[in-house]
Amino acid sequence: MNVNIEESWKEHLQDEFEKDYFKNLVEFVKQEYRTTQIFPPGKLIFNAFNLCPFNEVKVVILGQDPYHDDGQANGLCFSVNDGIPFPPSLQNIFKEISDDLNRPAPASGDLSRWARQGVLLLNSILTVRAHQASSHKDHGWEIFTDRVIKELSENRENIVFMLWGSYAKNKGAQIDKSKHLVLTSVHPSPLSVYRGFFGCKHFSRANEYLKAHNKKEIEW
């Protein structure tokens, strides 16, 4: 199956695209886009991969599924298009960046600037029905993104994985901690942020690790 995804990812994932579950997933997703409002726009489903080729990944931030309100989702976890109010989790991420790095919080919620520096902003589920969180759960996306994590864990070294909340921690259980830095905390949502996300210093810790392995630090 020819999937419109960045070439280096296509090389690593081509056999996944031929599996029955993935073919069924594609048919399901196509039907959903034909019959109802789905986010993100179809051309942005693989935006995280297209902006961050396989061999350029330095950091992985793992989300759950796309934002489901109008105009928010752009194919990058936690990211919103310019002009869209910051959702609460993104506000808290920016507050932690500001406190951690002792600088003003970022002004733009569009995190494509991170992706272009090597941050894979990966949702576990890549599509969602408008106004229905987790509506594309258990249709195959989770199997696909498990494979993505497995490929990075096995075929790359010295990547920083940021796993926020129990869902992300469980999904990242397969990561080889002898080759990569795995940073965990509670989720940055308002429900849990004061139980350990604020003060986790993941952004400075990631940069320290990258610098120690002769990689360019991320401009958060």
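Quick caveat, the model's predicted, so the values are computed rather than measured.

Colleague: Let's hear about the overall build of the protein chain: which residues, and what values?
Modeller: When helices and strands are counted, the protein chain shows 8 helices and 6 strands. Against the compact-globule benchmark of 17 Å for 220 residues, the protein chain has a radius of gyration of 17 Å, which places it among compact chains. Relative to its full complement of 220 residues, the protein chain shows a buried share of 55%. When the accessible surface of the protein chain is summed, it comes to about 10100 Å², and 48% of that surface belongs to carbon and sulfur atoms. Across the protein chain, 26 positive and 28 negative side-chain charges occur, with their mean positions spaced 3 Å apart.

Colleague: An account of the side chain of H202 is requested, with residue identities and associated values reported.
Modeller: Relative to the helices and strands, H202 resides in helix 8 (residues 202-212). Apart from the residues lying within four places of it in its own chain, the contact partners of H202 are D100, M162, W164, L183, T184 and S185.

Colleague: Go over the layout of surface pockets with me, naming the residues and quoting the values.
Modeller: Taken as a whole, the largest pocket spans an internal volume of roughly 550 Å³. Taken together, 29 residues form the lining of the largest pocket, with Q64, D65, Y67, F78 and H187 sitting closest to its centre. Where the lining of the largest pocket is concerned, the elements lending two or more residues are strand 2 (59-63), helix 4 (88-101) and helix 7 (166-171). Broken down by element, the residue count for the lining of the largest pocket peaks at 3 residues, all from helix 7. As for the second largest pocket, its lining consists of 17 residues, and the residues nearest its centre are V3, N4, G42, I45 and F46.

Colleague: How would you sum up the pairing of strand 6 (residues 181-185)? Please name residues and give values.
Modeller: Across a regular strand the side chains alternate sides, sitting on one face of the sheet and then on the other. In this sheet, strand 6 lies alongside strand 5 (residues 160-164) in parallel orientation, the contact comprising 5 bridges. Residue pairing for strand 6: F161 is matched across the bridge by V182. The parallel pair strand 5 and strand 6 is bridged by helix 7, and the resulting crossover is right-handed.

Colleague: Quick rundown of the sheet that holds strand 5? Include the residues and the values.
Modeller: Strand order in this open sheet of 4 strands is 3-2-5-6, and the pairing throughout is parallel. The open sheet is flanked by strand 3 (119-123) and strand 6, the only strands paired with a single partner. Across the sheet, the mean angle separating the axes of adjacent strands is 20 degrees when strand polarity is ignored. Pairing between strand 2 and strand 3: 5 bridges, direction parallel. When the sheet's bridge partners are listed, V60 is paired in strand 3 with L120. Along the sheet, helix 8 contacts strand 2, strand 5 and strand 6; its crossing angle with strand 5, the most-contacted strand, is approximately 165 degrees.

Colleague: A description of the nonpolar core should follow, citing residues and the corresponding values.
Modeller: Most often, soluble globular proteins have nonpolar side chains that are buried together. Ranked by size, the top nonpolar core spans 69 residues in total, and within it F49, I61, W114, L120, F144 and W220 carry the most contacts. Setting aside anything within four residues of it in sequence, one finds I61 in contact with C77, F78, W114, V119, L120, L121, L122, M162, W164 and W220.

Colleague: Would you mind going over unusual backbone geometry in detail, with residue names and values included?
Modeller: A negative phi angle characterises most non-glycine residues, just as the trans form characterises most peptide bonds. Omega for the bond connecting F39 with P40 falls within 30 degrees of zero, at -5 degrees, which places this linkage in the cis form. Position of P40 relative to the elements: it lies in the loop between strand 1 (38-39) and helix 3 (47-50). Non-glycine residue N102 carries a positive phi angle of around 55 degrees. Inspection of the secondary structure puts N102 in the loop between helix 4 and helix 5 (112-115). Taking relative accessible area as the criterion, N102 reaches 71% and is therefore assigned exposed.

The rules behind the values
- Residues numbered from 1 in each chain as written.
- Predicted model: local features only at pLDDT ≥ 70, side-chain atom pairs only at ≥ 80, totals over all residues.
- Heavy atoms only, no water.
- Helix = DSSP H or I, 4+ residues; strand = E, 2+ residues; numbered from the N terminus.
- Rg over C-alpha atoms; globule rule 2.2 N^0.38 Å.
- Buried < 20%, exposed > 50% of the residue type's maximum accessible area, 1.4 Å probe, protein only.
- Areas by Shrake-Rupley, 256 points an atom, 1.4 Å probe, with all protein chains shown as cover.
- Lys, Arg positive; Asp, Glu negative; His and termini not counted.
- Charge placed at Lys NZ, Arg CZ, Asp CG, Glu CD.
- Contact = heavy atoms within 4.5 Å.
- 1 Å grid on protein atoms, 1.4 Å probe; cavity = no way out; pocket = protein on both sides within 12 Å on 5 of 7 lines; lining within 4 Å.
- Points joined across faces, edges and corners; volume = space filled by probe spheres on them.
- Pairing = 2+ DSSP bridges.
- Right-handed = clockwise from strand over helix to strand, strands pointing away.
- Axes fitted to C-alpha atoms, helices over the stretch in contact; angles between N-to-C directions.
- Core = buried A, V, L, I, M, F, W, Y, C linked by side-chain atoms within 4.5 Å.

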